[in-house]
Amino acid sequence: RATARGPIECRWRETQSGSWHQVCSGCKMTFQWTAVALFLYAEAAVLFLFCLPFISPLRWQKIFKFQLWSRIALFWNKAFLTIIIVLIVLFLDAVREVRKYSGTQALEKDNKVYPSAFDHIHMKLFRSQRNLYISGFSLFLWLVLRRVITLITHLATEMGCNGAMKTQVEHANQSAKKYMEENENMKKALAADKRSENVLLVEVENEKQKQEIRKLKKELETTLIALNTAQIGR
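To start, this report covers the structure provided alongside it. (Residues numbered from 1 in each chain as written. Predicted model: local features only at pLDDT ≥ 70, side-chain atom pairs only at ≥ 80, totals over all residues. Heavy atoms only, no water.)

Topic: the packing of helix α1 (residues 31-50) against helix α4 (residues 76-102)
At a minimum axis distance of 12 Å, the contact between α1 and α4 shows a crossing angle of 120 degrees. Here α4 runs oblique to α1, going by the angle between their axes. By crossing handedness, the relation of α1 to α4 is classed as left-handed. The segment α1 lies against α4, with Q32, W33, V36 and F39 engaging I83, L87, L90, D93 and A94. (Axes fitted to C-alpha atoms, helices over the stretch in contact; angles between N-to-C directions. Helix = DSSP H or I, 4+ residues; strand = E, 2+ residues; numbered from the N terminus. Parallel < 35°, antiparallel > 145°, perpendicular 65-115°, else oblique. Left-handed = near helix turned anticlockwise from the far one by under 90°. Contact = heavy atoms within 4.5 Å.)

Laid out in structure tokens, this is it:
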């Protein structure tokens with residue numbers, strides 16, 4: 001049976017008059033299983049936070065680099081292995097309890113003597129199965145949590161490397177563009193220099209031709225004068 005406080009554990013006790021009296025008590029969790037259940041809830045909450053899409057791995061990496069986490073990281077491996085061992089021991093104990101209370105067929109013969117013995121065994125079986133599920137899921141989520149933290153750390157490292165590579169590529173592209181622009185400017189300057197040199201060469205050639213024409217004019221004038229003087233002398 002169950003009440004608002006939880007399942008009820010009932011036992012039969014024999015009185016002095018020879019009659020049987022039923023004594024019932026609430027079925028509560030022990031301290032160790034309460035701690036394991038709270039640990040399971042904490043694991044689920046942390047995994048839920050890790051699955052939030054708006055918190056990037058880089059932000060988680062910054063959180064992991066706090067001084068508190070750096071101090072905890074020194075004892076992380078030891079604490080992880082210790083919790084693994086504790087959860088495995090509790091899981092094996094729950095398996096043993098389940099196997100112990102699963103063989104209740106022999107007690108069915110005594111139902112006439114102890115009417116609630118079969119219900120009591122089922123109550124024990126329920127508690128052992130509950131403890132089995134709690135310890136099993138706690139162990140599984142603890143392993144998943146360790147793996148998720150490792151993957152988030154590696155992903156954040158890869159994202160940081162990719163960001164650094166992107167910045168390097170952008171700087172390389174910018175420098176390549178600058179070099180190409182400088183090269184184009186140098187080509188234009190060289191072309192302009194060549195043009196100016198060609199203009200200077202043409203001007204020099206023109207000056208030479210002008211000087212030659214002047215010489216030819218002078219020679220022609222001298223020959224004309226000489227010819228006129230020769231004709232006058234005749």
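Structural notes on the pattern of salt bridges
Under the definition given, this model contains 2 salt bridges. Where E97 meets R96, a salt bridge forms, and the shortest distance between an N and an O atom there is 2.8 Å. The exposure class of E97 is buried, given its relative accessible area of 18%. Each of D93, R96 and E97 takes part in a single network of salt bridges with overlapping partners. (Salt bridge = Lys/Arg side-chain N within 4 Å of Asp/Glu carboxyl O. Buried < 20%, exposed > 50% of the residue type's maximum accessible area, 1.4 Å probe, protein only.)

Points about the environment of L40
Among the structural elements, L40 can be located in helix α1. For the pair formed by L40 and S138, sequence separation is 98 residues and the distance between their alpha carbons is 5.0 Å. Among all residues touching L40, those that are not within four sequence positions of it are I134, F137, S138 and L141.

Here we look at a positive patch on the surface
On the surface, K210, R214, K215, K217 and K218 cluster together to form a positively charged patch. Mapped onto the elements, R214 comes out in helix α5 (residues 117-233). We classify R214 as exposed; its relative accessible area is 55%. (Patch = residues over 30% accessible without salt bridge, like charges linked within 9 Å, V, L, I, M, F, W, Y side chains within 5 Å. Areas by Shrake-Rupley, 256 points an atom, 1.4 Å probe, with all protein chains shown as cover. Lys, Arg positive; Asp, Glu negative; His and termini not counted. Charge placed at Lys NZ, Arg CZ, Asp CG, Glu CD.)

Details of the packing of aromatic side chains
Taken as a whole and judged by the stated rule, the model has 3 aromatic pairs. Both rings, one in F39 and one in W142, keep their centres 5.3 Å apart while their planes meet at 50 degrees; by these two values the pair is tilted. Note that F39 is positioned in helix α1 and W142 in helix α5, a separation of 103 residues in sequence. The exposure class assigned to F39 is partly exposed, which follows from its relative accessible area of 24%. What makes W142 buried here is its relative accessible area of 7%. For the ring pair F50 and W60, a centre distance of 4.8 Å and an interplane angle of 75 degrees mean the geometry is edge-to-face. In this pair, F50 is assigned in helix α1 and W60 in helix α2 (residues 57-64), connecting sequence segments 10 residues apart. Ring pairs connect the aromatic residues F39, F80 and W142, which therefore count as one cluster. Seen from the ring of F80, R146 lies directly overhead, with NZ or CZ sitting 4.5 Å from the centre. (Phe/Tyr/Trp six-rings, centres within 6.5 Å; stacked < 30°, edge-to-face > 60°. Lys NZ or Arg CZ within 6 Å of the ring centre and 35° of its normal.)

Overview of α1
The end-to-end C-alpha distance of α1, which contains 20 residues, comes to 29 Å, matching closely the 28 Å that a straight helix rising 1.5 Å per residue would cover. Turning to α1, its buried residues number three or more, namely W33, V36, A37, L40, E43, L47 and F50. Down the axis of α1, the buried side of the element spans an arc of 145 degrees, and every buried residue falls inside it. Among the exposed residues of α1, those pointing more than 90 degrees away from its buried face are F31, L38, Y41 and F48. (Expected span 1.5 Å × (residues − 1). Arc of directions from axis to C-beta.)

Description of α4
Taking 1.5 Å per residue, 27 residues should reach 39 Å; α4 reaches 38 Å between its end C-alpha atoms and fits that length. Of the residues making up α4, those classed as buried are F80, I84, L87, L90, A94, E97, V98 and Y101.

As for the side chain of E43
Mapping E43 onto the fold places it in helix α1. This buried residue, E43, is left without a salt bridge; R146 holds the nearest opposite charge, at 12 Å. A polar atom in the side chain of E43 sits 3.3 Å from the backbone nitrogen of W142. Those residues in contact with E43, other than ones at most four positions away along the chain, are F137, S138, L141 and W142. (Polar contact = N/O pair within 3.5 Å; in protein donor to acceptor, adjacent residues only side chain to side chain.)

Re a nonpolar patch on the surface
Taken together, the side chains of L58, L155 and M159 present a nonpolar region at the surface, about 220 Å² in accessible area. With respect to the helices and strands, the residue M159 is situated in helix α5.

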